[in-house]
Each structure stands twice: as C-alpha cells, then as structure tokens.
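# Secondary and tertiary structure notes
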Amino acid sequence: MSAPLLVVEHVSKRYRLPRGSLLVPGPELTALDDVGFTLEAGRSLGVVGESGSGKSTLARLVMALERPSAGHVLLDGQDLHTMSAAELRRTRAKVQMVFQDPYGSLDPRRTVGQTVAEPMALLQGAGRAETQRRAAEALEAVGLRTADLARYPHEFSGGQRQRIAIARALVTRPRLIVADEPVSALDVSVQAQVLNLMQDLQDHFGVTYLFISHDLSVVDLVCDEVIVLQAGRVVEQGDPDRLFHRPQHPYTQRLVAALPGQRIDAESARQP
C-alpha cells in the first residue's frame, strides 16, 4: 500500500494575544489542539465545523502559510515546515488553494489569462507560450472557453468566477487542492454545479482535495471522509453518510440538526 499524500501529525497552533499590561504577557489562544489525520492520493477529506473551530487555521498550516506551534505536516513524506525556501517554492506547485470569495480572490485589473497563468510563471518558471497553452487547457477543463482568457473577472457570474479560481489552482497540475469554503458564497443551484465540476476534475486529473466547509451537506456530496472540528479539536471522524445518519458526538448532532431538510441536489444541477 502506498504512503498517504498528506499526513497531519499532532498539530497544534497557538496565538499570543495582545497584552493588557507591559509587565504581563498576553494570553494564548489555542486555534488547533493535537489535530491529526491522513489523506490518500486521489481522495477527498472534508473538514467541518462552525466559525472559530480552526478550519481556516488548518488550511493555512497545510499550505505552509503559517507554522504549527507543535506537530508536523507531511506532504509525500516531507515536512513542509522544515523545508528550505527553495524546496518550499518547488513544493508549492503541488499544493494549490481555492478561496471562499470568487469576487475578492481575483484581481479585477488582470485578465483571466494573466490570473490563471500566474502560478505557472511564479512557481514553475514556464515561458509565455507554455503558460498560455496551459492556461487555455485549464480554462477549458472547468467549462469555459479559450476566448475567455482575454476577458476580465467583472464580466463573469459568481459561479464562473469560481471556475476561473479553480482553473488557476489546476494550472500547475497540483497533487493536492485545499478548498476553503469554495461554494459558500454561491447560490445553492450554482453550488451544486461547482461541486460537480470538482468531482469531474478529480476523476479526470486524479487531484486530491482537502475540503474546508461549515456545511455537512456540501462535504457529503464530494468527500470520502469527514473530520469534525470543535474549538480546535477533532471530535468525530468518519464516512459522511454515517455522520449524517448516526452522528455520535453532541456537537456533530447539532450540526446535522441545523441542516435544511434536503441535501444539495447535485444531479438536477448537471448540465445536459
């Protein structure tokens, strides 16, 4: 059996809050406390919890945007937080991110082509012709046209902008995509279309997802396994269908009880 793509080992993250007195250190806030999991290549792991549960902190640690206070984050067996700057730069092409807000995550002054091609130019040093070719391929993979490379973000709907953001994440052909609430800013029908797209891309490219969400119905659609975070700790982990029907922890039970009566209808959102 092959080694997992991503291993998070006993990770904690603490922040020092502003001090109230010059003589007394500020209090510590624990955002993550002894979190651990593994993620196999080609699969999807959902991380669910309310605001303040530590989901986005975990995403930043996996992206090596912050360092853990304790523990390790291993990608292909290598600790992201002990790499040199050059090693981390090369590794960043393997790990890309899709953000929550399709309006704020795209620079309105840059064309779609410039936006989608940027990770290749920065991380892989590809020439202009190669970056444009790969940008066109990525845009077509998410259901947009090559002609859209010359357009600007304001010319697209919210769902189309998130497709552009996914194309930008896809252009370096990463092994892992960290999706931080990628559909929460979209209408429900558009959510289903984007989630279907992400599943199709996984089937085609074999990409692995770490899917951050506050909504169990979203991760139910796209994830093979789910961990539930409460106040920075993992309180439950398992198959999403089991968590829906037989949640064990009181916190998970409250999350399930707060869901609407129906799950997202993915099939009805698929385009003919």
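Below is a short write-up of the structure. One numbering rule holds for all chains: residues counted from 1, following each sequence as written. Totals for whole chains, interfaces and linings use all residues, but because this is a predicted model, local features are given only for residues with pLDDT of at least 70 and pairs of side-chain atoms are given and counted only at 80 or more. Side-chain figures throughout are based on the complete set of non-hydrogen atoms in the structure, without hydrogens or water.

What follows concerns the overall build of the protein chain. Only DSSP runs of H or I covering at least 4 residues are called helices, and only runs of E covering at least 2 are called strands; the numbering of each starts at the N terminus. Secondary structure summary: the protein chain contains 10 helices and 10 strands in total. The globule rule used here is 2.2 Å times the number of residues to the 0.38 power, and the radius of gyration it is set against is calculated over C-alpha atoms. For 272 residues, the compact-globule formula gives about 19 Å, and the C-alpha radius of gyration of the protein chain, at 19 Å, lands near that figure. For the protein chain, the spread of C-alpha atoms along the principal axes amounts to about 55 × 45 × 45 Å. For the protein chain, buried positions account for 50% of its 272 residues. Note on contacts: a residue pair qualifies if any of its non-hydrogen atoms lie within 4.5 Å across the two residues. Taking all contacts inside the protein chain whose residues are at least 6 apart in sequence as the whole, residues at least 24 apart take part in 67%. In short, Shrake-Rupley with a 1.4 Å probe defines the accessible areas, and a residue's cover is counted only from the protein chains shown. Accessible surface, the protein chain: about 13200 Å² in total, of which carbon and sulfur atoms supply 49%. All tallies of charge rest on Lys and Arg as positive and Asp and Glu as negative; His and the ends of each chain are not included. A charged residue contributes its charge at one atom only: NZ of Lys, CZ of Arg, CG of Asp or CD of Glu. The centroid of the 30 positive side-chain charges in the protein chain is displaced by 6 Å from the centroid of its 32 negative side-chain charges. Burial here depends on accessible area, computed with a 1.4 Å probe over protein chains only, as a share of the maximum for the residue type. Under 20% is buried, over 50% is exposed, and the range in between is partly exposed.

Aromatic contacts are taken between Phe, Tyr and Trp rings whose centres are within 6.5 Å, Trp giving its six-membered ring; a plane angle under 30 degrees counts as stacked, one over 60 as edge-to-face, and the others as tilted. Applying the stated criterion across every chain yields a total of zero aromatic pairs. Working rule: Lys NZ or Arg CZ, within 6 Å of ring centre, within 35 degrees of ring normal, means a charge sits over the ring. Taking NZ or CZ as reference, Arg 151 lies 4.2 Å from the ring centre of Phe 156, over its face.

This part covers the sheet that holds strand 2 (residues 28-39). Two modes of strand pairing occur in sheets, parallel and antiparallel, and in both the strands are linked by backbone hydrogen bonds. Sheet architecture is open: four strands sit in the order 2-1-4-5, paired in antiparallel fashion. Because the sheet does not close on itself, it has two edges, and the strands there are strand 2 and strand 5 (78-79). Here, strands pair whenever DSSP counts at least two bridges between them. With five bridges connecting them, strand 1 (residues 6-16) and strand 4 (residues 70-75) associate as antiparallel partners. Counterpart to Ser 12 in the pairing with strand 4 is Ala 70. Under this scheme, a helix contributes an axis fitted over its contacting stretch, all axes are lines through C-alpha atoms, and angles between N-to-C directions fall in the 0 to 180 degree range. Of the strands in this sheet, strand 1, strand 2 and strand 4 are in contact with helix 1 (residues 55-62), which crosses strand 1 at around 115 degrees.

Here we take up the side chain of Thr 91. Mapping Thr 91 onto the fold places it in helix 2 (residues 85-92). Judged by relative accessible area, which is 8%, Thr 91 ranks as buried.

It is worth spelling out the pattern of salt bridges at this point. Salt bridge criterion: a side-chain nitrogen from Lys or Arg within 4 Å of a carboxyl oxygen from Asp or Glu. One pass over the structure, following the stated rule, counts 15 salt bridges. We note a salt bridge from Arg 60 to Glu 66, for which the minimum N-O separation is 2.6 Å. The closest approach of N and O atoms between Arg 151 and Asp 148, which form a salt bridge, is 2.9 Å. Overlapping salt bridges, with partners in common, bring together Glu 130, Arg 133, Arg 134, Glu 137 and Arg 173 in one network.

Moving on: the packing of helix 5 (residues 158-170) against helix 6 (residues 188-205). At a minimum axis distance of 10 Å, the contact between helix 5 and helix 6 shows a crossing angle of 20 degrees. Overall, the two elements helix 5 and helix 6 adopt an arrangement that is roughly parallel. Two packed elements cross with a definite hand, and for helix 5 against helix 6 that hand is right-handed. Side by side, helix 5 and helix 6 meet where Gly 159, Gln 162, Arg 163, Ile 166 and Leu 170 of the first sit next to Val 190, Gln 193, Val 194, Leu 197, Met 198, Leu 201 and Phe 205 of the second. When the residues that make up the contact of helix 5 with helix 6 are grouped by side-chain class, the tally is eight nonpolar, three polar and one charged. Any angle between 65 and 115 degrees counts as roughly perpendicular, while under 35 counts as roughly parallel, over 145 as roughly antiparallel, and the rest as oblique. Helix crossings are classified by the rotation of the near helix relative to the far one: an anticlockwise turn of less than a right angle makes the crossing left-handed, while a clockwise turn makes it right-handed. Under the scheme applied, nonpolar residues are Ala, Val, Leu, Ile, Met, Phe, Trp, Tyr, Cys and Pro; charged residues are Asp, Glu, Lys and Arg; polar residues are all the others, including Gly.

A helix is expected to span 1.5 Å multiplied by its residue count minus one. An ideal rise of 1.5 Å per residue puts 18 Å on 13 residues; helix 5 measures up with 18 Å between its terminal C-alpha atoms. Along helix 5, 12 of the 13 residues are buried, which leaves the element largely enclosed by surrounding structure.

Here the focus is the pairing of strand 7 (residues 176-180). Of all five residues in strand 7, five are buried; the element is thus mostly enclosed. Of the two faces of strand 7, the one holding Leu 176, Val 178 and Asp 180 and the one holding Ile 177 and Ala 179 are both buried throughout. Across four bridges, strand 6 (residues 95-98) lies against strand 7 in parallel orientation. Across the sheet, the residue bridging to Met 97 is Val 178, located in strand 7. Between the parallel pair strand 7 and strand 8 (residues 208-213), the chain is carried across by helix 6, and the sense of this crossover is right-handed. Here, the term right-handed applies to a crossover whose path from the first strand over the helix to the second runs clockwise when the strands point away from the viewer.

What follows concerns the nonpolar core. Nine residue types can take part in a nonpolar core, namely buried Ala, Val, Leu, Ile, Met, Phe, Trp, Tyr and Cys, and a core is a set of them joined through side-chain atoms within 4.5 Å. Counting 47 residues, the largest nonpolar core has Val 116, Leu 139, Ile 164, Ile 166, Phe 211 and Leu 216 as the members making the most contacts within it. Residues within four places of Ile 166 in sequence aside, it is in contact with Val 98, Val 142, Val 194, Leu 197, Met 198 and Leu 201. Core analysis: the next-biggest nonpolar cluster, separate from the first, contains 29 residues, Phe 37, Val 47, Ala 59 and Ile 227 among them.

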